[in-house]
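Listed below, chain by chain, are the residues.
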Amino acid sequence: MAFHYELRFAGIGGQGNMLAGAIIAEAAIFFENKYATQVPTYTSQVRGGPTKADIIISDEPIYFAESTHINFFLALDQRTYNLYKGDTLDGAIVLVDSGLVNVPDEDRAKWDVYEYPIIRTAKYEVGNVITANILSVGMTGELTQVMSLDNIFKAVEKRVPPAFLELNEKAFKMGVDIAKKLKAEKGK
Amino acid sequence: MSKAQIMNGNELVSEAAIAAGCRFYAGYPITPSSEIPEHLSKRMPEVGGVFMQFEDEIASCMAAVGASYAGYKSMTASSGPGISLKQEAIGLACMMELPLVVVNVMRGGPSTGLPTRVSQADVMQARWGTHGDHMIIAVAPETLLETYTETIRAFNMAEKYRTPVYILTDAVLAHLNGRVELPDPSTLEIIDRTQPSVPPEEYNPYDVERFGEVPPLPNKEKFHDYRFHMTGLNKDKTGFPTVNKEAVEADEERMIRKITGNIKDIESFEYYKMDDAQLAIFAYGTNAAAARVAVDEAREAGIKAGMFRPITVWPFPEKQVAEIGKNFDKMIVTEINLGQMLYEVERATKGSIEISTVLQAAGVPIRPQQILDKMKEVL
């Protein structure tokens, strides 16, 4: 069967999850020559409302672009975690911000769950909270192996304003390193 | 081969408008259509066109009608609440017989409804939103590429038949970012309004006896040389009001006939895996993507399903739907509303087929699985 991978980035408005999703889709289209879609869902609130970006990457044209069989689910907020986790496949990779999302035991039994204080790390270790989404992109790339990390970073470069490129590069690399560490802890 | 790009439906409508020769955009922003004015506010000045944001939807649509009168290819865009306000100007364009492209990025309603969420609940508004006997053309693209190509076609039909044309997209298509490879501009067929060949003193904007059912209309280069009158009142060939019974009746009938009489040129539809199908699905717009996936999945499960998809949704494809009514026992009508095109399907099939529905007005797309479940239920 043709390659087909579905992701969902969920959180609250203002966290940068829509952009993170767009970067993944752009990496797939521009640097992996695949089909990809990113569909944002948000509310009327500019910040603070539940949001999600559904991303599909495929070898074939994509018609229905909402993720309904999710291979990778990222959540940076408890309410949106609860709201949007429903379409996640058994055995899928789930990444949450450990400072903001409590994963119930029944979910841990179904999914390959990774937890890390993503937003805290962006704020105190990268040095700017706005890099949380790029940190997530780095972690997503390493955890999913859905495409080459170099190609994902090329999409980051394409999107990020030059003045913030260095900071975002730091966030991206830190995200990759953290994901590697988390995988190693699980013996992967 | 053209270059792959990532664009969303709103950006594609905007770029297609420019490729089609649109050089006047007037609007008032509203979610989920706002990326159209955002994009065109940058692009219109680059191509020597005019972008204007007005105080409201009524003024902006009137301005778009005025610009069309002055010879420009013009467009306005909005969503349900704004389209309601534009109805007066759309009716004026119908009566004046001015080309106009109106984009409705459909969201939940009535009233302000669900600003950021999908619906297809304005399809009947497109048909009958403005008052009076009139015919309308509306297209409902399914995919990103089709959003581009149908926008070009919308402008072509508006120019060719001197009529408003709706492009019906929705919140999902508008914000869907995906891979597109746009056609080479040199391969696009671009139609401009026919130009008068008579001297200005002999020109009348509705002189059907001399010019045929769709008389020429000066473009922006010729507009200043041709003085002519237009009004919202029923008119004679000069564009001045008349209440003459025969003249009014002939005019009203011709305005409808110029569209229905050219249906072969205007209609557009797709039969997807219908040849050997036992069960027909009727779907349009983005919801057809869900139906397409459902058809494919049904076939994998041994159910021979097919889809009929109107791309031109108005005028309604009566003949094609009537044929399906005769040739099939069962049909599923699916749309992201509580049943609107359903009435047209029922009217066209005249009780000859058993119709089931997958309807939803919850602000979220109908999923392929819902359509698949219905197929299993009815078979």
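Details of the structure are given in the entry above.
What counts and how
- Residues numbered from 1 in each chain as written.
- Chains lettered and ligands numbered in written order.
- Predicted model: local features only at pLDDT ≥ 70, side-chain atom pairs only at ≥ 80, totals over all residues.
- Heavy atoms only, no water.
- Helix = DSSP H or I, 4+ residues; strand = E, 2+ residues; numbered from the N terminus.
- Rg over C-alpha atoms; globule rule 2.2 N^0.38 Å.
- Buried < 20%, exposed > 50% of the residue type's maximum accessible area, 1.4 Å probe, protein only.
- Contact = heavy atoms within 4.5 Å.
- Areas by Shrake-Rupley, 256 points an atom, 1.4 Å probe, with all protein chains shown as cover.
- Lys, Arg positive; Asp, Glu negative; His and termini not counted.
- Charge placed at Lys NZ, Arg CZ, Asp CG, Glu CD.
- Axes fitted to C-alpha atoms, helices over the stretch in contact; angles between N-to-C directions.
- Parallel < 35°, antiparallel > 145°, perpendicular 65-115°, else oblique.
- Left-handed = near helix turned anticlockwise from the far one by under 90°.
- Nonpolar A, V, L, I, M, F, W, Y, C, P; charged D, E, K, R; others polar.
- Pairing = 2+ DSSP bridges.
- Polar contact = N/O pair within 3.5 Å; in protein donor to acceptor, adjacent residues only side chain to side chain.
- Buried area = accessible area lost by both parts, 1.4 Å probe.
- Salt bridge = Lys/Arg side-chain N within 4 Å of Asp/Glu carboxyl O.

Asker: For the overall build of chain B, give the residues involved together with the corresponding values.
Answerer: Each helix and strand in chain B was counted, giving 14 helices and 15 strands. Taking 2.2 N^0.38 as the reference for a compact globule, 379 residues should give roughly 21 Å; the C-alpha atoms of chain B span a radius of gyration of 21 Å, in line with that estimate. Seen through its C-alpha atoms, chain B measures out along the principal axes to roughly 70 × 45 × 45 Å. Counting the 379 residues in chain B, one finds 60% classified as buried. A separation threshold of at least 6 residues defines the contact pool for chain B, and within that pool the share at least 24 residues apart is 77%. Surface accessibility of chain B: about 14900 Å² in total, with carbon and sulfur atoms responsible for 52%. Across chain B, the mean location of the 38 positive side-chain charges is 2 Å away from that of the 51 negative side-chain charges.

Asker: Which residues make up the environment of A:V94, and what are the values?
Answerer: Residue and element names in this part refer to chain A. By secondary structure assignment, the location of V94 is in strand 5 (residues 88-97). The class of V94 is buried, set by a relative accessible area of 0%. Measuring from C-alpha to C-alpha, the distance between V94 and N71 comes to 8.4 Å, with 23 residues separating the pair along the chain. Dropping the residues within four chain positions of it, V94 is found in contact with F73, Y81, T88, W111, D112, V113 and Y114.

Asker: Hey, could you go over the packing of helix 5 (residues 132-144) of chain A against helix 6 (residues 149-159) of chain A for me, with residue numbers and the actual values?
Answerer: Residues and elements named next belong to chain A. Between helix 5 and helix 6, the shortest axis-to-axis distance is 10 Å and the interhelical angle comes to 160 degrees. When the axes of helix 5 and helix 6 are compared, the pair comes out roughly antiparallel. Crossing angle aside, the handedness with which helix 5 passes helix 6 is right-handed. Facing helix 5, whose interface residues are I134, V137, G138, G141 and E142, helix 6 presents L149, I152 and V156. Considered class by class, the residues forming the contact of helix 5 with helix 6 number five nonpolar, two polar and one charged.

Asker: I'd like a rundown of the sheet that holds strand 4 (residues 70-75) of chain A, residues and numbers included.
Answerer: With mixed pairing, the eight strands of this open sheet are ordered in space as 6(A)-5(A)-4(A)-1(A)-3(A)-2(A)-9(B)-1(B). Each edge of the open sheet carries a strand with a single partner, namely strand 6 (112-116) of chain A together with strand 1 (4-7) of chain B. Each neighbouring strand pair of the sheet contributes to a mean axis angle of 20 degrees, computed without reference to strand direction. In terms of strand pairing, strand 1 of chain B meets strand 9 (residues 177-181) of chain B through four bridges, oriented antiparallel.

Asker: Give a description of the side chain of A:K34 that names residues and reports values.
Answerer: Within the fold, A:K34 resides in the loop between helix 1 (17-31) and strand 2 (35-41). Exposure remark for A:K34: the relative accessible area of 18% places this residue in the buried category.

Asker: Break down the side chain of A:E66 for me, citing the residues and quoting the values.
Answerer: With respect to the helices, strands and loops of the structure, A:E66 is situated in the loop between strand 3 (50-58) and strand 4. In this structure the side chain of A:E66 is engaged in a polar contact, spanning 3.2 Å, whose partner is the side chain of B:R367. Excluding anything up to four places from it in sequence, A:E66 contacts A:R8, A:K52, A:D54, A:I56, B:P365 and B:R367.

Asker: Kindly report on the interface of chain A and chain B, identifying the contributing residues and their values.
Answerer: If you look at the interface, chain A gives 25 residues, while chain B gives 23 residues. Taken together, the two surfaces of chain A and chain B that pack against each other cover about 1900 Å², and 62% of this comes from carbon and sulfur. Taken as a group, A:Y42, A:Y63 and A:F64 account for 34% of the area that chain A buries against chain B, more than any other trio of residues on that side. Between B:R367 and A:E66 there is a salt bridge; the shortest N-O distance is 3.2 Å. Inspection of the chain A/chain B interface yields nine residue pairs in polar contact (both at pLDDT 80 or more). Those elements that provide at least two residues to the side of chain A that touches chain B are helix 1 and strand 2 of chain A.

Asker: Could you give an account of the sheet that holds strand 14 (residues 330-335) of chain B, naming the residues involved and the relevant values?
Answerer: Residue and element names in this part refer to chain B. On the basis of which strands lie adjacent, the open sheet formed by five strands has the order 10-12-11-14-15 and mixed pairing. With partners counted over all chains shown, the strands left at the sheet margins are strand 10 (269-272) and strand 15 (354-359), one partner each. Geometrically, the sheet is characterised by an average inter-axis angle of 20 degrees between neighbouring strands, direction not taken into account. Inspection of the sheet shows strand 11 (residues 279-282) paired to strand 14 by four bridges, in the parallel sense. Across the sheet, A280 pairs through a bridge with M331, a residue of strand 14. Along the sheet, helix 14 (residues 368-378) contacts strand 11, strand 12 (305-310), strand 14 and strand 15; its crossing angle with strand 15, the most-contacted strand, is approximately 155 degrees.

In short, the description is geometric, and any link to function would need to be established separately.
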